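Listed here are the chains, written in short residue letters.
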Amino acid sequence: MFAGLGHFLKGLEFDCSGKLAVKACTTVVVGKKATTDGSTLVARNEDIGAWSKHFYVHQATSNGPTTYVSEDNGFKTSLPKTALRYTSMPDGEQVNGHQWIFGENGVIFSDKNEIWYMEIGSGHTWAAVRVPDNKYAVIPNQMVICKLNLKDSKNYMASTNLVKKVKAWSQNKKIKLAGYVKGTVNYSKAFGTNDKTDAIYNRPRMWDGQRILIPSKKQSITKKSYTLFLKPDKKVSPAKVGQVLSSHFTGTKYSSYGKWKGGYRPINVPTDVESHILQIISNVPKEYAAIQWLAMASPANSVYLPFYTNISDTPSQDPTNTKSAYWTYKTTAMVIEAYKHKKFIDSSTGKKTDLIYKDVNPTKKAVTKQLKANLAQSDKVAKTLSGDKLTAYLTEQNQKNADYAQKKWQTMNNSLIIHSNKLAPVTKSKLTFNK
């Protein structure tokens with residue numbers, strides 16, 4: 001277990017009430033024995049709207065703020081004076097060291113050895129489960145931690161007196177909380193939902209992710225529940241996680257890019273603002289073991305860039321116009337969304353095609369291949385460096401990769417817009433003019 005994690009979680013208490021109703025995002029976690037290289041993988045789509053996202057690094061400090069007060073509900077807690085370096089993708093602009101962020105009901109803790117997934121129920125309680133090393137989970141906007149075996153402290157944790165509290169709330173005639181049975185708690189039954197909205201909005205995403213990672217397991221998209229942790233048919237790579245997070249029920253009759261049968265909410269949606277895969281590699285020095293794979297806007301029409309996190313700065317790009325990485329990739333997503341059902345004749349082949357197959361997929365494949373080659377090469381150089389020289393080198397490589405990918409995407413966008421002109425309907429004006 002992470003040093004201090006148990007102490008940290010045991011000290012958590014919350015001040016709000018009611019069942020949680022979250023509106024965005026899909027999470028994927030993969031244990032180290034289920035991945036291709038022994039890494040732990042933690043990933044998430046942020047589906048919150050449409051505004052420019054920016055990638056920041058916050059440097060370590062021994063003189064940081066010692067108190068945090070929530071701008072939202074006034075919650076106050078103490079902070080250690082010494083803070084570690086971290087990267088972030090805040091919602092909105094960062095101004096004078098302050099930023100607006102949104103919280104959800106799920107929190108993930110990971111290092112190179114293990115992953116813990118924690119859920120916050122009603123604001124008064126929490127529960128956490130260790131992700132089995134040989135399994136993965138696809139988590140929608142629905143509480144998914146079920147029966148807690150709190151006698152197994154190596155794999156389960158919970159807030160103080162959770163069982164006692166849930167039992168009391170279940171016996172309270174005004175509350176009548178579900179989830180308590182003979183001294184045990186089913187956490188999602190107690191604090192989550194599993195209703196008609198979840199049948200359209202949440203459970204189908206679990207079905208889709210499991211379909212991709214375990215094609216041998218045949219399931220119905222209308223099941224009322226899915227097993228949380230499963231062993232994949234094949235070892236999982238960051239690219240495979242990216243495939244899950246890019247899926248719109250791809251290749252099925254439920255695809256939102258096709259007939260969209262059932263109208264189920266897909267994992268990849270037009271409101272994606274960014275997608276990230278956090279990889280901690282176990283067989284390289286810790287100084288460059290943490291990689292943040294980052295795709296701006298919709299991952300289906302973007303590319304995951306591998307960013308080192310032992311850095312002094314993030315790639316510099318003008319956030320005010322189309323030079324911004326976000327707007328480059330968002331342009332692609334918006335053109336595709338407008339014409340995703342349209343086909344045109346490819347002049348080079350004489351056959352029908354669409355914008356995804358003609359422009360996006362070939363660019364994505366070529367850029368991804370080059371980025372993987374760049375990462376392998378820079379890892380070799382990183383082995384020969386240390387300290388400030390290593391940090392400077394990794395920072396430089398991040399900039400080079402960001403510039404390379406964005407340039408390729410800008411060129412592709414030019415072609416995309418030209419080809420989309422062939423698909424735009426031409427309408428006659430109904431206006432009349434005085435002669």
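These numbers were taken from a predicted model, which means no experiment stands behind them.

What counts as what
Residues numbered from 1 in each chain as written. Predicted model: local features only at pLDDT ≥ 70, side-chain atom pairs only at ≥ 80, totals over all residues. Heavy atoms only, no water. Core = buried A, V, L, I, M, F, W, Y, C linked by side-chain atoms within 4.5 Å. Buried < 20%, exposed > 50% of the residue type's maximum accessible area, 1.4 Å probe, protein only. Helix = DSSP H or I, 4+ residues; strand = E, 2+ residues; numbered from the N terminus. Contact = heavy atoms within 4.5 Å. Arc of directions from axis to C-beta. Pairing = 2+ DSSP bridges. Axes fitted to C-alpha atoms, helices over the stretch in contact; angles between N-to-C directions. Parallel < 35°, antiparallel > 145°, perpendicular 65-115°, else oblique. Nonpolar A, V, L, I, M, F, W, Y, C, P; charged D, E, K, R; others polar. pLDDT = per-residue confidence, 0-100. Patch = residues over 30% accessible without salt bridge, like charges linked within 9 Å, V, L, I, M, F, W, Y side chains within 5 Å. Areas by Shrake-Rupley, 256 points an atom, 1.4 Å probe, with all protein chains shown as cover. Salt bridge = Lys/Arg side-chain N within 4 Å of Asp/Glu carboxyl O.

With that settled, consider the nonpolar core. In a soluble, globular protein the nonpolar side chains are often hidden away together inside. Among the nonpolar cores identified, the biggest contains 31 residues, and V28, V30, V241, L245, I277 and L394 are the most heavily contacted of them. Taken together, the elements giving at least two residues each to this core come down to strand 1 (26-30), strand 2 (40-46), strand 12 (136-139), helix 5 (203-213), helix 6 (238-245), strand 17 (290-296), helix 8 (355-382) and helix 9 (387-421). Not counting residues within four places of it along the chain, the set of residues in contact with I277 comprises L41, V42, A43, P238, V241, G242, L245, I291, Q292, W293 and Y304. The next biggest cluster of nonpolar side chains, apart from the first, holds 30 residues, and it includes V129, L162, V166 and A190.

Moving on: the side chain of T27. Mapped onto the fold, T27 is located in strand 1. Taking relative accessible area as the criterion, T27 reaches 13% and is therefore assigned buried. Beyond its immediate chain neighbours, meaning those up to four positions away, T27 contacts A43, R44, I108, A137, V138 and I139.

Another aspect to go through is helix 6. Where helix 6 is concerned, the buried positions are P238, V241, G242, V244 and L245. Within helix 6, the buried residues cover an arc of 155° as seen down the axis, which keeps them to one side. In this fold, the buried residues of helix 6 make contact with strand 1, strand 2, helix 5, strand 16 (274-280) and strand 17.

Moving on, we get to the sheet that holds strand 17. On the basis of which strands lie adjacent, the open sheet formed by six strands has the order 12-1-2-16-17-18 and antiparallel pairing. Only two strands of the sheet have a single neighbouring strand rather than two, namely strand 12 and strand 18 (305-308). For this sheet, the mean angle separating the axes of adjacent strands, direction not counted, is 15°. Sheet analysis places strand 17 next to strand 18, joined by four bridges and oriented antiparallel. Bridged to Q292 within strand 18 is F307. Across the sheet, helix 6 is in contact with strand 1, strand 2, strand 16 and strand 17; its angle to strand 16 comes to roughly 155°. Those strands touched by helix 8 are strand 17 and strand 18, and its axis lies near 20° from that of strand 18.

Our focus in this paragraph is unusual backbone geometry. Positive phi, normally seen in glycine, also occurs at K176, with a value near 50°. Here K176 is to be found in the loop between helix 2 (162-171) and strand 14 (180-181). Its identity as a non-glycine residue notwithstanding, F249 has a phi of 60°, on the positive side. Assignment of secondary structure puts F249 in the loop between helix 6 and strand 16. Residue classification places F249 among the buried residues on the basis of a relative accessible area of 0%.

Let us now look at the pairing of strand 9 (residues 106-110). Direction of pairing for strand 9 relative to strand 10 (residues 115-121): antiparallel, over a ladder of five bridges. Along strand 10, the bridge assignment pairs F109 with W116. Between strand 9 and strand 10, which follow one another and run antiparallel, lie four residues.

Before going further, it helps to examine the packing of helix 8 against helix 9. Packing of helix 8 against helix 9 brings their axes to within 10 Å, and their N-to-C directions diverge by 170°. As the angle between them shows, helix 8 and helix 9 are arranged roughly antiparallel. For the contact of helix 8 with helix 9, the class distribution of residues is 15 nonpolar, nine polar and four charged.

What follows concerns the confidence of the model for the protein chain. Detailed reading of predicted coordinates is not advised where the pLDDT is low. Mean pLDDT over the protein chain works out to 88, with 88% of the residues at or above the 70 mark. Predicted confidence for residues 10-22 stays below pLDDT 50, and this span has 34 contacts to residues more than four positions away or in other chains. Counting contacts from residues 94-103, a segment whose pLDDT is below 50, to residues more than four positions away or on other chains yields 13 contacts.

What follows deals with the environment of G121. Among the secondary structure elements, G121 is positioned in strand 10. Note on G121: relative accessible area 0%, which makes it buried. Residues G121 and A190 lie 69 residues apart in sequence; the distance between their C-alpha atoms is 8.2 Å. Those residues in contact with G121 that sit more than four places away from it in its chain are M143, Y187 and F191.

A few words on the sheet that holds strand 9. Taken in spatial order, the four strands line up as 9-10-11-13 in an open sheet, and their pairing is antiparallel. The open sheet has two edge strands, strand 9 and strand 13 (156-158), and neither has a second partner. If you compare each strand with its neighbour and ignore which way they point, the axes differ by 15° on average. The pairing of strand 11 (residues 125-130) with strand 13 spans three bridges and is classified as antiparallel. Looking across to strand 13, one finds that A128 is bridged to M157.

On the surface, a cluster of nonpolar side chains totalling about 250 Å² of accessible area is made up of Y68, F75 and L79. Of note, L79 is situated in the loop between strand 5 (76-78) and strand 6 (86-88). Judged by its relative accessible area of 33%, L79 falls in the partly exposed class.

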